[in-house]
Amino acid sequence: YNQSKTIGEDAGSQVRVQTRVTEATEPGVRPARRRVEPLPTAPSGFAVTAANKLAHGAVERLQLSTAAEFNPLFIYGPPGTGKTELGRFALDGLLQSGDVTDPLVLSGEALARDVARAVRASEMPALMARWSQQDMVLLDEAHRLRGQRRAQAETVNLLHSVLQRGGRVLVLSRHAPQEIHGLD
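Parameters at a glance
- Residues numbered from 1 in each chain as written.
- Predicted model: local features only at pLDDT ≥ 70, side-chain atom pairs only at ≥ 80, totals over all residues.
- Heavy atoms only, no water.
- Buried < 20%, exposed > 50% of the residue type's maximum accessible area, 1.4 Å probe, protein only.
- Helix = DSSP H or I, 4+ residues; strand = E, 2+ residues; numbered from the N terminus.
- Pairing = 2+ DSSP bridges.
- Core = buried A, V, L, I, M, F, W, Y, C linked by side-chain atoms within 4.5 Å.
- Axes fitted to C-alpha atoms, helices over the stretch in contact; angles between N-to-C directions.
- Contact = heavy atoms within 4.5 Å.
- Salt bridge = Lys/Arg side-chain N within 4 Å of Asp/Glu carboxyl O.
- Phe/Tyr/Trp six-rings, centres within 6.5 Å; stacked < 30°, edge-to-face > 60°.
- Expected span 1.5 Å × (residues − 1).

*Asks:* Help me out: how do you make sense of the pairing of strand β5 (residues 73-76) in this one?
*Replies:* Side chains on a regular strand alternate between the two faces of the sheet. Residues Leu73 and Ile75 line the buried face of β5, whereas the alternating positions Phe74 and Tyr76 sit on a face that is not buried. Bridge count between β5 and strand β8 (residues 168-173): 4 bridges; the pairing is parallel. What sits directly across from Tyr76, in β8, is Ser173.

*Asks:* Explanation requested: the pairing of strand β6 (residues 103-107) in the structure shown.
*Replies:* Only one face of β6 is buried: it carries Leu104 and Leu106, and the other face, with Pro103, Val105 and Ser107, is open. As judged from the 5 bridges shared by β6 and strand β7 (residues 136-140), these two strands associate in the parallel manner. By the bridge assignment, Val105 is partnered in β7 with Leu138.

*Asks:* Any chance you could explain the nonpolar core here in plain terms?
*Replies:* Across soluble globular proteins, nonpolar side chains have a tendency to be buried as a group. Counting residues in each nonpolar core, the largest one holds 21 residues, and the members touching the most others are Leu106, Leu111, Trp131, Val137, Leu139 and Leu158. Only β6, α3 (108-120), α4 (124-132), β7, α5 (149-164) and β8 provide two or more residues apiece to this core. The element that contributes the greatest number of residues to this core is α3, accounting for 5 residues. Grouped together as the second largest cluster of nonpolar side chains are 15 residues, Ile75, Ala90, Leu91 and Val100 included.

*Asks:* Please clarify how the sheet that holds β5 should be interpreted in this entry.
*Replies:* Sheets are built from strands paired through backbone hydrogen bonds, the pairs being either parallel or antiparallel. Strand order in the open sheet formed by 4 strands is β5-β8-β7-β6, with parallel pairing between adjacent strands. Of all strands in the sheet, those bounded by a partner on one side alone are β5 and β6. Pairwise comparison of adjacent strand axes, ignoring direction, gives a mean angle of 10° for this sheet. Contacting β5, β6, β7 and β8, helix α2 (residues 83-97) crosses the sheet at an angle of about 165° to β8.

*Asks:* Can you walk me through the pattern of salt bridges in this structure?
*Replies:* A complete count under the given rule lists 6 salt bridges for this structure. For the salt bridge of Arg113 with Asp114, the shortest nitrogen-to-oxygen distance reads 3.9 Å. Note on Arg113: relative accessible area 42%, which makes it partly exposed. One salt bridge connects Arg117 with Asp114, and the closest N-O pair in it is separated by 3.9 Å.

*Asks:* Teacher, can you tell me more about the packing of aromatic side chains here?
*Replies:* Each pair of aromatic rings is reported with the distance of its centres and the angle of its planes. Considering all chains together, one arrives at 1 aromatic pair under this definition. Each ring, one from Phe74 and one from Tyr76, has its centre 6.4 Å from the other, and the planes form 55°; the classification is tilted. Residue classification places Phe74 among the partly exposed residues on the basis of a relative accessible area of 25%.

*Asks:* Explanation requested: α5 in the structure shown.
*Replies:* The periodicity of an α-helix, 3.6 residues per turn, causes residues three or four places apart in sequence to face the same way. In this model α5 runs 23 Å from its N-terminal to its C-terminal C-alpha over 16 residues, within 8% of the 22 Å that 1.5 Å per residue would give. Within the span of α5, buried status applies to Ala151, Gln152, Glu154, Thr155, Val156, Leu158, Leu159, Ser161 and Val162. Positioned one or two residues after α5, Gly166 has a phi angle of 90°, which is positive.

See below:
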C-alpha cells in the first residue's frame, strides 16, 4: 500500500506526505503478537528489534542520503516504541557527519505554544525567519498539533522553507497523518 497526499494547500504552500504500509491486514484484525528478538544495537545505543527495524532503516537512509533523498521522513507508532530515541539517533548521526549544523528540535506542543506566543506579540515573521534558517527540523509528537490550525499552517510553511533550502525534516508522531483528528 502506498499513498501520497498534499497537505497545507490553505497555508499557501504544499508539502507532500507519503505513507507506506508494508504488511496488509484485514480491517479489525490485529496481527498476532510475536516474540521480538533484538537485532544488533545501533551506534547510539538504540536497540534495533524486528518491530522497529523498518523505521531504523529509514532513519539510517535519512542520515546517509543527500538531503533531497528520503526527505521528509514521518515515523509513527504507539507510545514507548522508541520514536524519540530514533530521532536522537538521526540527529546525532547528522551532526557527527557535519550534514546538519543548526537543527530545530521541537515537540508539537512547544511549536504550538511558541506560535501562539509569537502571534500574540506580533512577532510571527521574526520567529519564522529564525526557524526557517535552520538546516534540519526534528518535530516530535506532531499529533499534539491537532486542533491548532495556526500552528499547523506555520508548520507547513516552516517545513516547506527548510525543504526548499535543502534541509532535512524528521517528524515523529503516535499516529499516522491521516489518523490525527483535527489535523488539516
